[in-house]
Amino acid sequence: MKYVDGFLLALPKKNLNAYQRMAQKAGKIWREYGALDYKECTGDDLDVKMCVPFTRILKTRLNETVVFSYIVFKFRAHRDRVNAKVIKDPRIANMCGDEKSMPFNVKRMACGGFKAIVDIS
């Protein structure tokens, strides 16, 4: 069964283009090292009533939106191997080396690894 790394973060709307450029580069690197899929999604319909909205969980400000991202791997050990290579890649270090140069506050990013329990492709 597949394995997924998931990410949730608050992003200042003014930084959306910068984030998109960074994510495009990062996604190519993850795919180069073997990730099966890489998606970065920005909030579009966040004023939901049927459950707790991401905006409330992240405590977003008026000038922020939500980014939901995920990377798909064959299984957890595959994820571990791919991520070990990505972390050592100097292109990632150049993009993410300094927290202050990031287009979002890394301290407000949530992430985790998930074992897929249903996979209907």
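Here, every reference points to the structure presented above.
Residues numbered from 1 in each chain as written. Predicted model: local features only at pLDDT ≥ 70, side-chain atom pairs only at ≥ 80, totals over all residues. Heavy atoms only, no water.

A. Region of the structure containing a nonpolar patch on the surface. On the surface, a nonpolar cluster with roughly 360 Å² of combined accessible area is contributed by Val 52, Phe 54, Ile 57 and Phe 68. Its place among the elements puts Ile 57 in helix H2 (residues 54-58). (Patch = residues over 30% accessible without salt bridge, like charges linked within 9 Å, V, L, I, M, F, W, Y side chains within 5 Å. Areas by Shrake-Rupley, 256 points an atom, 1.4 Å probe, with all protein chains shown as cover. Salt bridge = Lys/Arg side-chain N within 4 Å of Asp/Glu carboxyl O. Helix = DSSP H or I, 4+ residues; strand = E, 2+ residues; numbered from the N terminus.)

B. Structural view of the pattern of salt bridges. Inspection of every chain in the model, using the stated rule, returns 9 salt bridges. Arg 79 is paired through a salt bridge with Asp 5; the nearest N and O atoms lie 2.7 Å apart. Here Asp 5 lies in strand S1 (residues 3-12) and Arg 79 lies in helix H3 (residues 76-88), a separation of 74 residues in the sequence. With respect to class, Arg 79 is no different from Asp 5; both count as buried. (Buried < 20%, exposed > 50% of the residue type's maximum accessible area, 1.4 Å probe, protein only.)

C. Representation of helix H1 (residues 16-32) within the structure. For H1, with 17 residues, the first-to-last C-alpha span of 24 Å sits near the 24 Å given by 1.5 Å per residue. Among all positions of H1, only Tyr 19, Met 22, Ala 23, Ala 26, Gly 27, Ile 29 and Trp 30 are buried. Viewed end-on, H1 has its buried residues packed into an arc of 160°, placing them on one side of the element. Residues of H1 that are exposed and point over 90 degrees away from its buried face: Asn 17, Arg 21, Lys 25 and Lys 28. Residues of H1 that are buried in the fold lie against S1, strand S2 (37-42), strand S3 (64-73), H3 and helix H4 (90-96). Within two residues after H1, Gly 34 carries a phi angle of roughly 120°, on the positive side. (Expected span 1.5 Å × (residues − 1). Arc of directions from axis to C-beta. Contact = heavy atoms within 4.5 Å.)

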